[in-house]
Amino acid sequence: MTQIKNETQYKAAQQRIEELLKVVTNETPATDKNFIELELISNLAVDYEEAHYPIKPLSLVEMIELRMYEMGLTRQNLSDMLNLSKSSVSDLLSGKREPTLRTARTIAQKLNIDASVVLGL
């Protein structure tokens, strides 16, 4: 099999992957037939998933909200961290306002968000 062509084959591949995961461990040698089969089927499943279930990248607002959740930040905390007014943070999070270059740099540094995401590149 060179590719998974439909949902039925994909589900069968998932089932076989689950079976193989029960017998393949971190100690299983790369030459083991189960290890090889698991790797091959997993690669086919990943290719199918990328084609049929693509994951869109997060928007800047979604990324900021995720970081706020991960860091336990409130809007007030974010306002203080970015040195912005509460209304500016609200506008930023609602998508009504784009960050200035200075704010974008601060977001990238303080929230550890890649600059290309912050700048929309």
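Residues numbered from 1 in each chain as written. Predicted model: local features only at pLDDT ≥ 70, side-chain atom pairs only at ≥ 80, totals over all residues. Heavy atoms only, no water.

(A) Geometry of the overall build of the protein. Within the protein, the secondary structure is distributed over 7 helices and 0 strands. Relative to a compact globule of 121 residues, whose C-alpha radius of gyration would be 14 Å, the protein shows 22 Å and is clearly more extended. The principal-axis extent of the C-alpha atoms belonging to the protein is close to 60 × 30 × 20 Å. Among the 121 residues that make up the protein, the fraction classed as buried is 29%. In the form shown here, the protein has an accessible surface area of approximately 8700 Å², with 52% of it arising from carbon and sulfur atoms. Separation of charge centres in the protein, based on 14 positive and 17 negative side chains, amounts to 9 Å. (Helix = DSSP H or I, 4+ residues; strand = E, 2+ residues; numbered from the N terminus. Rg over C-alpha atoms; globule rule 2.2 N^0.38 Å. Buried < 20%, exposed > 50% of the residue type's maximum accessible area, 1.4 Å probe, protein only. Areas by Shrake-Rupley, 256 points an atom, 1.4 Å probe, with all protein chains shown as cover. Lys, Arg positive; Asp, Glu negative; His and termini not counted. Charge placed at Lys NZ, Arg CZ, Asp CG, Glu CD.)

(B) Representation of the nonpolar core in the model. Formed by 17 residues in total, the largest nonpolar core has its most connected members in Ile64, Leu78, Ile107, Leu111, Ile113 and Val118. For this core, the secondary-structure elements that each account for two or more residues are α3 (60-71), α4 (75-82), α5 (86-94) and α6 (101-110). For Leu78, the residues in contact, after removing those within four places along its chain, are Ile64, Met68, Val89, Leu93 and Leu111. Counting 11 residues, the second-largest nonpolar core is a separate cluster that includes Tyr10, Ala13, Ile41 and Leu44. (Core = buried A, V, L, I, M, F, W, Y, C linked by side-chain atoms within 4.5 Å. Contact = heavy atoms within 4.5 Å.)

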